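# Observations on the model geometry
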Amino acid sequence: MTITANSQLSNVFSQNLESITSKTDGSLPTLGAELVYTQDGAGRYLTFCWQYSELLGLNTEKIVDDLNQTQTFVPVDKVTYLERLHRILTNLVPERFQCWFSYQKELFELDLVISPIMPSLGTTATTVLVMGRLVQATLNKKQARVASKTPTQIELALRSQQHQKLVNRITRNIRRTLDLDIIWQQTVDSLGKALRLERCIICPYQPSSPKVQVKAEYRQSELKSMLGLDIDIASEPAFAQALATLEPVMMEVPGYKESGRQKTLVVATCYQDQANGLVALNWQDECYTLTESELELAKEAADQLGTAIAHATLYEELEVARQKAEEASRLKSEFLANVSHEIRTPLNGMIGFLKLILEGMADDPEEQNQFLAEAHHLSIHLLNIINDILDIAKIEAGKMELAYAPVKLDELFSHVEGFMRPQAQMKNLSFRMQMPATSDEIIVQSNYQRLLQVMLNLVNNAIKFTHEGGVTVSADLVLKKANFQDQQFPGMVRVRVADTGIGVSLDKQDKLFQLFSQVDGSRTRQYGGTGLGLVISQKLVEAMGGEVHFYSLGEGLGSTVTFTVPLYQQPVMVSSNDSDSTSSAECC
């Protein structure tokens, strides 16, 4: 600050100087600082005001009236203080510094700003205005080294002020981000540095888990890190008590140092009276004891943190839901594009063949019949696509209603073979159908048309994605009682459709049964289809009381799909002595 600028500032002060210095009660109104006083060049107090005066029993009138300053509030190094005072009055430049003062048996470190005051321009400055704040207070034992174990009133007031500032800082940090890792680390760092802790850890808590994990840590360099450590709640009574009561819990344990014991404060973070985390603070016994007000401040900080954890967790859940919604929207758009292509292709083919017939482009009746057959084949393909779309729409709307009745498994297998063997033969693939060896019919409780639809879907997929080798359809019995629609059945029939085709990589198999999700869009375009076959099959099988499972060791290693349906009645099995084929029944 230049002399000119300082003079302008001093002029502002000088306007109220006369009224300030004339006060006999030693008070300084409206200046707003924690500590405000004025002095002359000899260091005598002209006015004095400090918010901690009453706590100290400090009489401001006696300080102002004590011209010799024998029993008052004085600098520890009075010579250096007066030298600085004279320099400020001479140079007319304010200075900021920290200085120790003594009063009775206590020492006070103050952060001060001293400014010269000039009554009018051209007049020599003889008075200073001092504004400051308390940094720390200690017992007077020649040097300010040893902290008091029993806190004085001034210490309690100062600590309360510092801790409230700490809570406010933690709250501000929490509001700046929803990243839990950042919130946790900033909190332990703020607590650890401000309270001079040896260690501070935060552990998120899930009521369903018997353990908590250390997610953030502040520690002194000589201590071993606990970051990532799993802590059994049952083995830590303070943790269990804090979670049960939602109140701060204090405990003492042997310290890692030779002298003293270590204290631990455990506070549960919570939201709407539900615990969602733990904060543990460690310090040596030689430090001061926490008061009730400080414990309340710790609980307040934990509540703020608990709210932040809840909000950040909710934000993460909403973000995951948003990403899933965006992914579902993307998949639906891709699905609609593929389906529109699948619908347009057979429709264009039908229109083309019928147009050739209408324009008389067929050379003879045989070629005309061939065109009609191709158009009919394409119409069936188009109908299947539309049926798939309608089926999935009904399933999603919850309007799929099925009528159940006994179904003979051999008739179902025969029907499937009649449809699918020609397709397999056209690709030079082997095609086998295997039934369990029984002396009577195997009957399942199901819906014949829907069960046939499932089998045709699965076998058609197996043939479509197999280029060499073959497809095997088999069934076996799982003779374990099962319940479906309030009815008990003697077991389940498990049907397997195995192929030697292209397979599916392990990391993509979870997409097989997701609606509108296709394992590989390029495959869909290459092989055709809507990609709904497995999803519809799964929904239908589940509606008929069974389960669908997919197995593949990876790309190029083939695939196996299994599904189950309730067994209507238990058949009589054929022993190995009566038949060359062995029974595949499983008794559980």
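Before reading on, note that the structure itself is shown above.
Residues numbered from 1 in each chain as written. Predicted model: local features only at pLDDT ≥ 70, side-chain atom pairs only at ≥ 80, totals over all residues. Heavy atoms only, no water.

### Observations regarding the overall build of the protein
Each helix and strand in the protein was counted, giving 13 helices and 23 strands. Taking all 588 residues of the protein together, the buried fraction comes to 44%. Within the protein, counting contacts between residues at least 6 apart in sequence, those at least 24 apart form 63% of the total. If you sum the accessible surface of the protein, you get close to 31800 Å²; carbon and sulfur atoms cover 51% of it. (Helix = DSSP H or I, 4+ residues; strand = E, 2+ residues; numbered from the N terminus. Buried < 20%, exposed > 50% of the residue type's maximum accessible area, 1.4 Å probe, protein only. Contact = heavy atoms within 4.5 Å. Areas by Shrake-Rupley, 256 points an atom, 1.4 Å probe, with all protein chains shown as cover.)

### Details of helix 11 (residues 448–464)
For helix 11, with 17 residues, the first-to-last C-alpha span of 24 Å sits near the 24 Å given by 1.5 Å per residue. Those residues of helix 11 that fall on the buried side of the exposure criterion are Arg450, Leu451, Leu452, Gln453, Val454, Met455, Asn457, Leu458, Val459, Ala462 and Ile463. With a side-chain oxygen positioned 3.3 Å from the backbone nitrogen of Gln449, the residue opening helix 11 is Asn447. (Expected span 1.5 Å × (residues − 1). Polar contact = N/O pair within 3.5 Å; in protein donor to acceptor, adjacent residues only side chain to side chain.)

### A closer look at the packing of helix 10 (residues 409–426) against helix 11
Between helix 10 and helix 11, whose axes approach to 10 Å, the crossing angle comes to 30°. Considered as vectors, helix 10 and helix 11 are oriented roughly parallel to each other. Between helix 10 and helix 11 lies a crossing whose hand is right-handed. Packed against helix 10, whose contacting residues are Glu411, Leu412, Phe413, His415, Val416, Phe419, Met420, Gln423 and Ala424, the element helix 11 presents Tyr448, Leu451, Leu452, Met455, Leu456, Val459, Asn460 and Ile463 at the interface. Among the residues making up the contact of helix 10 with helix 11, the classes are represented as 13 nonpolar, 3 polar and 1 charged. (Axes fitted to C-alpha atoms, helices over the stretch in contact; angles between N-to-C directions. Parallel < 35°, antiparallel > 145°, perpendicular 65-115°, else oblique. Left-handed = near helix turned anticlockwise from the far one by under 90°. Nonpolar A, V, L, I, M, F, W, Y, C, P; charged D, E, K, R; others polar.)

### Points about the pairing of strand 1 (residues 35–40)
With 6 of 6 residues buried, strand 1 is to be regarded as a mostly interior element. Neither face of strand 1 is left uncovered, since the one carrying Leu35, Tyr37 and Gln39 and the one carrying Val36, Thr38 and Asp40 both have all their residues buried. Here strand 1 pairs with strand 2 (residues 45–50) via 5 bridges, running antiparallel. Bridge assignment links Gln39 to a residue of strand 2, and that residue is Tyr45. Where strand 1 hands over to strand 2, the hairpin turn is made up of 4 residues, of which Gly43 adopts a positive phi near 85°. (Pairing = 2+ DSSP bridges.)

### Observations concerning the pattern of salt bridges
Overall, the coordinates contain 13 salt bridges when judged by the stated rule. Arg44 is paired through a salt bridge with Asp40; the nearest N and O atoms lie 3.1 Å apart. Given a relative accessible area of 34%, Arg44 falls into the partly exposed group. What makes Asp40 buried here is its relative accessible area of 14%. (Salt bridge = Lys/Arg side-chain N within 4 Å of Asp/Glu carboxyl O.)

### Focus on the nonpolar core
Of all hydrophobic cores here, the largest spans 46 residues; its most connected members are Phe431, Val473, Val493 and Phe563. Per-element accounting of this core gives the leading share, 8 residues, to helix 11. Excluding residues that lie within four positions of it along the chain, Phe431 makes contacts with Glu417, Met420, Arg421, Ala424, Val459, Ile463, Val471 and Val473. Among the nonpolar cores identified, the runner-up in size contains 31 residues, and Leu35, Trp50, Phe97 and Leu110 belong to it. (Core = buried A, V, L, I, M, F, W, Y, C linked by side-chain atoms within 4.5 Å.)

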